[in-house]
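# A look at the structure
Residues per chain are reported as follows:
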Amino acid sequence: MSADTAQFTRPGRSKGLLETFSQRYLVSLLVHKELRIRYRGSVLGMVWSYVKPAFQFLVFYFAIGVFMKMRGNIDNYVIYMFAGVVVVNYFNEIFNNGTRCVVWNADLVNKIYLPRELFPVASTWVAFIHFIPQVVILAAGAMIFGWQPGFWEIAVLLYAFVVITTFALGVGLLSGAINVFYRDAENFVELVLMAATWASPVLYSWEMVHNVLGDGPLWWLYQLNPITAVVEMFHIVFWMPTAGVDAQLPPQMGMWALASGITAILTVVVGELVFRKLDPKFAQEL
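For the structure given in this document, a descriptive report is provided here. (Residues numbered from 1 in each chain as written. Predicted model: local features only at pLDDT ≥ 70, side-chain atom pairs only at ≥ 80, totals over all residues. Heavy atoms only, no water.)

One pass over the full model with this rule turns up 17 aromatic pairs. Pairing Tyr77 with Tyr80 gives two aromatic rings, centres 6.4 Å apart and planes at 20°, and the pair type is stacked. Taken together, the residues Tyr77 and Tyr80, both in helix α3 (residues 77–104) and three residues apart, mark about one turn of the helix. Judged on exposure class, the residue Tyr77 and its partner Tyr80 are both buried. Ring plane angle 50° and centroid distance 6.3 Å describe the contact between Trp206 and Trp219, whose orientation is recorded as tilted. Linking Trp206 in helix α8 (residues 206–213) with Trp219 in helix α9 (residues 217–224), this pair joins segments that are 13 residues apart in sequence. For the residue pair Trp206 and Trp219, the accessibility class agrees, reading buried in each case. Put simply, the rings of Tyr90, Trp125, Phe128, Phe131, Trp147, Phe161, Phe234 and Phe238 touch in pairs and so form one group of aromatic residues. (Phe/Tyr/Trp six-rings, centres within 6.5 Å; stacked < 30°, edge-to-face > 60°. Helix = DSSP H or I, 4+ residues; strand = E, 2+ residues; numbered from the N terminus. Buried < 20%, exposed > 50% of the residue type's maximum accessible area, 1.4 Å probe, protein only.)

What follows deals with the pattern of salt bridges. Under the counting rule described, the total for this entry stands at three salt bridges. With its nearest N and O atoms 3.0 Å apart, the salt bridge here joins Glu190 to Arg100. Of this pair, Glu190 sits in helix α7 (residues 184–196) while Arg100 sits in helix α3, and the two are 90 residues apart along the sequence. In this structure, the salt-bridge partner of Arg116 is Asp279, at a minimum N-O distance of 2.4 Å. Separated by 163 residues along the polypeptide, Arg116 in the loop between α4 (106–111) and α5 (118–144) and Asp279 in the loop between α11 (253–278) and α12 (282–285) bring together distant segments of the chain. For the pair Arg116 and Asp279, one class covers both residues: buried. (Salt bridge = Lys/Arg side-chain N within 4 Å of Asp/Glu carboxyl O.)

This part is about the nonpolar core. Counting 60 residues, the largest nonpolar core has Tyr77, Phe91, Phe234 and Phe238 as its most contacted members. If one sorts the elements of this core by residue count, α3 sits on top with 14 residues. One finds Cys101, Val126, Leu173 and Phe275 within the second-largest nonpolar core, a separate group that totals 22 residues. (Core = buried A, V, L, I, M, F, W, Y, C linked by side-chain atoms within 4.5 Å.)

In this structure, Gly271 sits in helix α11. When its relative accessible area of 1% is taken as the criterion, Gly271 is described as buried. Excluding residues within four positions of it along the chain, Gly271 makes contact with Gly170, Leu173 and Leu174. (Contact = heavy atoms within 4.5 Å.)

Right, let's get into the side chain of Arg100. In this structure Arg100 comes out as buried when scored by relative accessible area, which is 10%. Those residues in contact with Arg100, other than ones at most four positions away along the chain, are Asn179, Glu186 and Glu190.

Compared with the 21 Å implied by 1.5 Å per residue over 15 residues, the 21 Å span of helix α1 (residues 24–38) between its first and last C-alpha is a close match. Burial in α1 covers these residues: Val27, Leu30, Val31, Glu34 and Leu35. Seen along its axis, α1 keeps its buried residues to an arc of 130°; they face one direction. Seen from the buried face of α1, the exposed residues on the opposite side, beyond 90 degrees, are Tyr25, His32 and Arg36. Lining the buried residues of α1 we find α3, α4 and α5. (Expected span 1.5 Å × (residues − 1). Arc of directions from axis to C-beta.)

As C-alpha cells, this is what we get:
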C-alpha cells in the first residue's frame, strides 16, 4: 500500500514571518528568556531600561537645550526632544537586538527546529515592553503643558507606531541574517545607531535642515528616512498641541508620512526574503 504523501511537508520549512503569529507561546517564552538573561544578577532589574534613557535625555537636554540654547528656539523643548528620543530609542533597541538575536540563540538554532523569525520578533516585543513606560512618561509630561489627546492624535500615534515597528523589524531581519555570516554587521549597526539621533529632527527643528538643504535631492533623502517622518508624527501628537502658534509642519508632511509607511513595508518584505534565503545555512555557520 502506498502512502499518500500529499499530507506531508518537507521538514525544516515554515511560513516565515507569518508563522510567528501562530507561535505566540514560543514568542512569550523567548521574550521571558531574553528579559531574564538581560537582568540576571541585576539589583535594579528593568529599572535600568529607564535610567539609561533618562540619563541620555538629561545629557542631550543640558548640552543642546541649555548650553547651546536650543530651548530658546523651540517652545516646550523638553517635550519636543523627549518625543524624538523615545522614537529613536525604540528603533535602536529593535535594530540592535534584532541584529544579534540569531547569534545569541545559536544553541536553539543548532538543537531544534523552530521558525527563526521568532528571534527578531521576540526582540521587538522586548523593545515594546521598554517603549510603553517611556510613552506614558512622555504623555504625562505633555499633559502638564496642557496636552489633551483627541481621536486625530491617537490615530496618528498608532500609525507612527506601526511604521517604526515595521521598519525596525525589517532592518533587524536583514541585519540579523547577515550577522550570522559576517559579524562585522554588528559594528556597522553600531555606527548607524550612533547617527540615528542626529539624522532625524530629535534635537533640532526641521527648519534648520531645510534652510541648509533647500528643496533639493538631499532634502528629499532626509525626509524619506522613516525615522524622520515618525519623529515628526510624534511631534504632531505630543508637542504641537502644547507649542506656540508658530509651530509648523514640514512641507508635504502627509506625503512623507505615507512614504514612510510604504518604505517600512518594503523594508520588512526585503528583510524577510533575505532572512528566509539565508535561514537554511544558519545552523552550519553557528
